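Structural description and commentary
What follows is each chain in one-letter form.
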Amino acid sequence: MSITDSDAIVDVADQLFGAITNGDIAAVTALWDDDVVVWKVADRERDKERALRVIEWFIGTTTDRRYEVLERHVIDGGFMQQHILHATGRNGGLIAMRVCIVVKVGGNGLITRIDEYFDPAEIAPLLEPTT
């Protein structure tokens, strides 16, 4: 079962991207169902624990993060969003990565699935040695 209230879905979206922007891992964790499945291009599906490690890495590797939302659509049981993720790495690297993300929200108001599409090569500036 999924949630259908548009306002509630938009609220979940705002909370998710706000939590990542603010580096709040606890808030991200609280938004994800225990059985959440996260998939990103060129990777396998990840469970909650493994997916949260990726978020922790991203927050720990960057000094600031900002989402430039290009469009967001509420869909049946969730939302689709296109955005540009801007971030500055602790190494001084900068990214402006275009992303499309599809998120499903369960009847309990928690995120149950995330499918994320982006070019993995665009994260390279965060992986380079410290300048």
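Residues numbered from 1 in each chain as written. Predicted model: local features only at pLDDT ≥ 70, side-chain atom pairs only at ≥ 80, totals over all residues. Heavy atoms only, no water.

Here we come to the environment of glutamate 56. As for its placement among the helices and strands, glutamate 56 is situated in helix α3 (residues 48-61). Along the chain, glutamate 56 and aspartate 5 lie 51 residues apart, while their C-alpha atoms are 30 Å from each other. (Helix = DSSP H or I, 4+ residues; strand = E, 2+ residues; numbered from the N terminus.)

Going through the model one piece at a time under the given rule, you end up with 5 salt bridges. The partner of aspartate 14 in a salt bridge is arginine 72, with the nearest N and O atoms 2.8 Å apart. Separated by 58 residues along the polypeptide, aspartate 14 in helix α1 (residues 6-21) and arginine 72 in strand β2 (residues 62-75) bring together distant segments of the chain. Relative accessible area serves as the criterion here: at 43%, aspartate 14 is assigned to the partly exposed category. (Salt bridge = Lys/Arg side-chain N within 4 Å of Asp/Glu carboxyl O. Buried < 20%, exposed > 50% of the residue type's maximum accessible area, 1.4 Å probe, protein only.)

What follows deals with the packing of aromatic side chains. According to the stated counting rule, one finds 3 aromatic pairs in the structure shown. Through a chain of ring-to-ring contacts, three or more aromatic side chains come together here, namely Phe17, Tyr67 and Phe79. The residue whose ring lies beneath arginine 72 is phenylalanine 79, and the NZ or CZ to ring-centre distance is 5.8 Å. (Phe/Tyr/Trp six-rings, centres within 6.5 Å; stacked < 30°, edge-to-face > 60°. Lys NZ or Arg CZ within 6 Å of the ring centre and 35° of its normal.)

Sheets are built from strands that pair by backbone hydrogen bonding, the pairs being arranged parallel or antiparallel. Judged by pairing direction, the sheet is mixed, and its 5 strands sit side by side in the order β1-β5-β4-β3-β2 without closing on themselves. On the outer flanks of this sheet lie β1 (32-40) and β2, each paired with one strand and no other. Neighbour-to-neighbour, the strand axes of the sheet open up by a mean angle of 25°, direction not taken into account. Relative to strand β5 (residues 111-117), strand β4 (residues 94-105) runs antiparallel, the two being bridged by 6 bridges. Considered in β5, the bridge of cysteine 100 is made with tyrosine 117. Contacting β1, β2, β3 (78-89), β4 and β5, α1 crosses the sheet at an angle of about 165° to β2. Strands β1, β2, β3 and β4 of the sheet are contacted by α3, whose axis makes an angle of about 70° with β1. (Pairing = 2+ DSSP bridges. Axes fitted to C-alpha atoms, helices over the stretch in contact; angles between N-to-C directions. Contact = heavy atoms within 4.5 Å.)

Mapped onto the secondary structure, asparagine 91 falls in the loop between β3 and β4. The buried category is assigned to asparagine 91, whose relative accessible area is 7%. Among the polar contacts listed, one links the side chain of asparagine 91 to the backbone oxygen of proline 125, at a separation of 2.9 Å. Among the polar contacts made by the side chain of asparagine 91, one reaches the main-chain carbonyl oxygen of leucine 126 at a distance of 3.4 Å. (Polar contact = N/O pair within 3.5 Å; in protein donor to acceptor, adjacent residues only side chain to side chain.)

Under the UniProt annotation, the feature "domain: SnoaL-like" (unreviewed entry) is placed at residues 15-114. In this annotation, residues 15-114 is assigned 28% helix and 51% strand; the end-to-end C-alpha distance for the span is 15 Å. (UniProt positions renumbered as here; feature names shortened; annotations may be inferred.)

Our focus in this paragraph is the side chain of arginine 65. Take arginine 65: it is sitting in strand β2. Buried and without a salt bridge, arginine 65 has aspartate 64 as its closest oppositely charged side chain, separated by 7.1 Å. Side-chain polar atoms of arginine 65 contact the backbone oxygen of threonine 21, separated by 3.4 Å. Dropping the residues within four chain positions of it, arginine 65 is found in contact with Ile20, Thr21, Asn22, Gly23, Phe58, Ile59, His86 and Ala87. (Lys, Arg positive; Asp, Glu negative; His and termini not counted.)

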